Amino acid sequence: LYYVESMGIFGTPMCGTDYNDVIGSEFIYQDVSTGMNSERVLEHGITPYEAYFRAMAARMFFQLHVEVNSFPAAECFDEWWDADLFTPLLKAYAEVEPYLGVMWLLPDDLGVMWEDEAGHRVVFAYKNGELSVPAGICVKEVISQEETKSTGSLTVEKLKIYYWET
């Protein structure tokens, strides 16, 4: 059974999207919400947090299921959910979400970069690497709120979100 709620093929699947189809192609699922099968995620050698981060970078979201009869107990949430881990990530996303205009995939699966019409840039880093950025600009790592001045190159760390204005 595969029930889809509205928006045709890109609707919200009641049973979730197979993670084998999602990993490495998160950009195809932009603006889609779906369930997460954490067992499938773990089969790929990544954590649910990393899968959520990669999906969120493309504005794809994994739904958090809540067993209403157990609420507000911690057990009412999906087993992959960890509020202490995900809350700072969601706060950081809320801070940069207004700047997610046009998305580009970075080379070598480094991550994705977004830019809006005003020149704000946001990078979601999938892995450690280097990016070329204008020298002298202030770059903020949004989860930690740490700011640094660019020297023309930016060292990005896996599962971090970076923001700057050009």
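Residues numbered from 1 in each chain as written. Predicted model: local features only at pLDDT ≥ 70, side-chain atom pairs only at ≥ 80, totals over all residues. Heavy atoms only, no water.

1. Structural notes on the nonpolar core
- Ranked by size, the top nonpolar core spans 35 residues in total, and within it Tyr52, Phe62, Val122, Phe124 and Ile161 carry the most contacts.
- Residue assignment for this core shows that the elements contributing at least two residues are α1 (19-22), α3 (48-57), α4 (83-96), β6 (111-115), β7 (120-125) and β12 (160-165).
- Looking at this core, the element that brings in the most residues is α3, giving 7 residues.
- Within the second largest apolar cluster, 13 residues are counted, among which are Ala125, Ile137, Val156 and Trp164. (Core = buried A, V, L, I, M, F, W, Y, C linked by side-chain atoms within 4.5 Å. Buried < 20%, exposed > 50% of the residue type's maximum accessible area, 1.4 Å probe, protein only. Helix = DSSP H or I, 4+ residues; strand = E, 2+ residues; numbered from the N terminus.)

2. Focus on the environment of Gly119
- As for its position among the elements, Gly119 is in the loop between β6 and β7.
- A residue is classified by how much of its surface remains accessible, and Gly119, at 8% relative accessible area, is buried.
- For Gly119 and Gly101, which are 18 residues apart along the polypeptide, the C-alpha to C-alpha distance reads 9.7 Å.
- Ignoring any residue separated from it by four or fewer positions in sequence, one finds Gly119 in contact with Trp164, Glu165 and Thr166. (Contact = heavy atoms within 4.5 Å.)

3. Some details on the side chain of Arg59
- Topologically, Arg59 is positioned in the loop between α3 and β4 (61-62).
- In this structure Arg59 comes out as buried when scored by relative accessible area, which is 19%.
- At 3.0 Å, the side chain of Arg59 and the backbone oxygen of Leu100 are in polar contact.
- Apart from residues lying up to four places away in sequence, Arg59 is in contact with Gln30, Asp31, Val32, Tyr93, Leu100, Gly101 and Trp114. (Polar contact = N/O pair within 3.5 Å; in protein donor to acceptor, adjacent residues only side chain to side chain.)

4. Brief notes about the layout of surface pockets
- A volume near 210 Å³ is recorded for the largest pocket.
- As for the largest pocket, its lining consists of Val139, Lys140, Glu141, Ser144, Glu146, Thr148, Leu154, Thr155, Glu157, Lys160 and Tyr162.
- Taken together, the elements giving at least two residues each to the lining of the largest pocket come down to β9 (138-141), β10 (146-149), β11 (153-156) and β12.
- The element best represented in the lining of the largest pocket is β9, accounting for 3 residues.
- Residues of the lining of the largest pocket, tallied by class, amount to 3 nonpolar, 3 polar and 5 charged. (1 Å grid on protein atoms, 1.4 Å probe; cavity = no way out; pocket = protein on both sides within 12 Å on 5 of 7 lines; lining within 4 Å. Points joined across faces, edges and corners; volume = space filled by probe spheres on them. Nonpolar A, V, L, I, M, F, W, Y, C, P; charged D, E, K, R; others polar.)

5. Digging into the packing of α3 against α4
- Relative to each other, α3 and α4 sit at 10°, their axes nearing to 11 Å. The angle between α3 and α4 falls in the class roughly parallel. In contact with Pro48, Tyr49, Tyr52, Phe53 and Met56 of α3, α4 contributes Leu85, Phe86, Leu89, Leu90 and Tyr93.
- Counted by class, the contact of α3 with α4 contains 10 nonpolar, no polar and no charged residues. (Axes fitted to C-alpha atoms, helices over the stretch in contact; angles between N-to-C directions. Parallel < 35°, antiparallel > 145°, perpendicular 65-115°, else oblique.)

6. Here's the deal with unusual backbone geometry
- Here the residue pair Phe71 and Pro72 is connected by a cis peptide bond, since its omega of 10° sits within 30 degrees of zero.
- Considering the arrangement of structural elements, one finds Pro72 in the loop between β4 and α4.

7. Notes on the sheet that holds β7
- With antiparallel pairing, 6 strands are arranged side by side in an open sheet as β5-β6-β7-β12-β9-β10. On the outer flanks of this sheet lie β5 (102-105) and β10, each paired with one strand and no other. Within this sheet the neighbouring strands show an average axis-to-axis angle of 20°, counted without direction.
- One ladder, built from 4 bridges, connects β5 with β6; its direction is antiparallel. Paired with Trp104 across the bridge in β6 is Met113.
- Contacting β5, β6, β7 and β12, α3 crosses the sheet at an angle of about 150° to β7. (Pairing = 2+ DSSP bridges.)

So yeah, pure geometry; function would need other evidence.
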